[in-house]
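Here are the chains, one letter per residue:
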Amino acid sequence: VEVTAASAGYGAWTQISNDTDEGNYVYTPTGIAVNCNSNSPYYGRVFVANSIENPNGIFVPGDQVGLVKANADGSFAVEGPHSTGGWNWAGDFFSPWKVEISADDFVYVNDWTTNGTLLRFDQTIATNSQTLILRDDNWPNGGTANLSGPAIVGTGTNAQVWMADITYPGSTGVRRFATAGNGSVATNDSGTTIIQAGGGSDLDLYPYDVAVDRSNRIYTIQFRSTAGDPSHRVFCFPAYGEGGGALTTADWQIGSGDDSMAQAYGVAVSPNGNHVAVAFGGLGSGFARTGGAARVFNATNGAAVVTLTPATYHDHTDVAWDNAGNLYTCDNWDSVWRVYSPPGANAATTVALAHVQMLPPLIA
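A. Geometry of the side chain of Asn-138. When you line up the elements, Asn-138 lands in the loop between β10 (131-134) and α1 (140-143). Residue Asn-138 is classed as buried on the basis of its relative accessible area, which comes to 0%. One polar contact links the side chain of Asn-138 to the main-chain amide nitrogen of Arg-135, over a distance of 2.9 Å. A distance of 3.0 Å separates a polar side-chain atom of Asn-138 from the backbone oxygen of Ala-186. Not counting the four nearest positions on each side in its chain, Asn-138 is found in contact with Ile-133, Phe-177, Val-185, Ala-186, Thr-187, Asn-188, Asp-189 and Ser-190.

Okay, structure coming up:
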């Protein structure tokens, strides 16, 4: 792979992907992640969860339920464009659900239909690499929960799994799980509540996704689909202090009553910690839908940075960042994932090469 940068950068956020590339098409994309490990041979690889099978009967890789594997330039992964990883995904919009990649190259995929089962795979999504990370014995609330995510903090035996408990009513908020030597969470370990939901917390109902930056600040969202709902939609909480109890006071919270932030599906924080992106599904449905943008906010104070709306109707379901600071989005309305490069001289993209041409040395 190589990283290419624009010599002068862009004057505004600019789409640098092509909607017509075969690898950018995914029938019902609900989760997206990018390999940010520059030391990995898979650096820049993109994984997209396709959660409903196209019923037209003429299948291409982006039609099949499972994980689409592509390079940042929209070409398919060399070992194949698609895999189920040997898991029986329900294909009902929630299975597979969210995708995350750890710093040591593991791909984590959430099955929300089974209340939040979490699986881990290698970069090829090989069946023999499948590891069950979270199971029903890990659910809080006496074994009942709906866990969405994950955010992965750390690597190896020090890896932590952060999940959002979507259960309503009775969400336990944002939870953190420790992993054992094989990468899975110990039997009957129901995790630790990091951010409390309800009971006077700024997070008043339930979170829908979670992201953690390098300073351990925590970002989460609430999915609100009723016009004028007074609940905030996006939150930033301070780093968690061990032994201090669950967090209840956000550093900032935004979106109360703001219908342009309806149906917050996914959240991601940039590698440098400067920006937080949120995918919004929008208010209403079909041709009556409004909003539905991918939006970027200042991670320090929640101030709006940019709203990315490439088409008339939108249904954005997830967001992710690459190591160069480009934003990846899933647009369920258009059945495509896109990449946007930020303004400035650092605008860049990770590009996977289809082949490397070796030339003989030139001896002067």
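B. Inspection of the environment of Leu-134 at higher detail. Checked against the element boundaries, Leu-134 lands in strand β10. Placed 27 residues apart in sequence, Leu-134 and Val-161 show a C-alpha to C-alpha distance of 9.1 Å. For Leu-134, the contacting residues outside a window of four places in its chain are Gly-116, Thr-117, Leu-118, Trp-139, Leu-147, Val-161, Met-163, Phe-177 and Val-185.

C. Representation of the sheet that holds strand β17 (residues 234-237). With antiparallel pairing, 4 strands are arranged side by side in an open sheet as β15-β16-β17-β18. A single partner strand is all that each edge strand has here, and the edge strands are β15 (210-212) and β18 (252-254). If you compare each strand with its neighbour and ignore which way they point, the axes differ by 15 degrees on average.

Scoring rules and cut-offs
Residues numbered from 1 in each chain as written. Predicted model: local features only at pLDDT ≥ 70, side-chain atom pairs only at ≥ 80, totals over all residues. Heavy atoms only, no water. Helix = DSSP H or I, 4+ residues; strand = E, 2+ residues; numbered from the N terminus. Buried < 20%, exposed > 50% of the residue type's maximum accessible area, 1.4 Å probe, protein only. Polar contact = N/O pair within 3.5 Å; in protein donor to acceptor, adjacent residues only side chain to side chain. Contact = heavy atoms within 4.5 Å. Pairing = 2+ DSSP bridges. Axes fitted to C-alpha atoms, helices over the stretch in contact; angles between N-to-C directions.

By themselves, these are just geometric observations and shouldn't be taken as functional.
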